[in-house]
Amino acid sequence: MPCKFEVDFNKVDSLLDIPSIILLNHHLPQSSQHQWRLLFSTQTHGESFSAFIHQITNQGPMIIVARDTGGHIFGGFASVSWSIKSHFVGKYTQSSLKLTQF
């Protein structure tokens, strides 16, 4: 099944190339595969953390991809929507971390 991209790659420089997107898509839970849309880009939305939070809150499962000042690309997958709370919500286990180098 092909991926559905709601991203105009002619207007946004993506941190991921198509082969990387296909690889990541393959490893997502079945319910999250093939439904990619861009929620936030510094090119479009600027470099404001509050704009970032506004764009990603309550949007369902997501992949966050970032590039650091050294040019390294990294990210993570959240299986549930991000929401703003007065305290930490969620769980973290050492076994939930898997590092992949692209």
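Residues numbered from 1 in each chain as written. Predicted model: local features only at pLDDT ≥ 70, side-chain atom pairs only at ≥ 80, totals over all residues. Heavy atoms only, no water.

## A word on the overall build of the protein
Argument step 1. Along the backbone of the protein there are 3 helices and 4 strands.
Argument step 2. Along the protein, from the amino end to the carboxyl end, the secondary structure elements read β-α-β-α-α-β-β.
Argument step 3. Relative to its full complement of 102 residues, the protein shows a buried share of 20%.
Argument step 4. Across the protein, the fraction of contacts at a sequence separation of at least 24, relative to all contacts at a separation of at least 6, is 41%.
Argument step 5. Roughly 8,300 Å² of accessible area belongs to the protein as shown, and the carbon and sulfur atoms make up 56% of that amount. (Helix = DSSP H or I, 4+ residues; strand = E, 2+ residues; numbered from the N terminus. Buried < 20%, exposed > 50% of the residue type's maximum accessible area, 1.4 Å probe, protein only. Contact = heavy atoms within 4.5 Å. Areas by Shrake-Rupley, 256 points an atom, 1.4 Å probe, with all protein chains shown as cover.)

## Some remarks on the pairing of strand β4 (residues 73–78)
Sheet faces and side chains relate simply in a regular strand, where the side chains alternate between the two faces.
Argument step 1. By the bridge criterion, 6 bridges tie strand β3 (residues 62–67) to β4 in an arrangement that is antiparallel. Within the sheet, the bridge partner assigned to Ala66 lies in β4 and is Phe74.
Argument step 2. Following β3, the chain reverses through 5 residues before pairing antiparallel with β4; Gly71 in that reversal takes a positive phi of roughly 90 degrees. (Pairing = 2+ DSSP bridges.)

## Considering helix α1 (residues 18–27)
Argument step 1. All buried positions along α1 are accounted for by Ser20, Ile21 and Asn25. On an axial view of α1, the arc spanned by its buried residues comes to 135 degrees, and they lie on one face. Opposite its buried face, α1 presents the exposed residues Pro19, His26 and His27, each directed more than 90 degrees away. (Arc of directions from axis to C-beta.)

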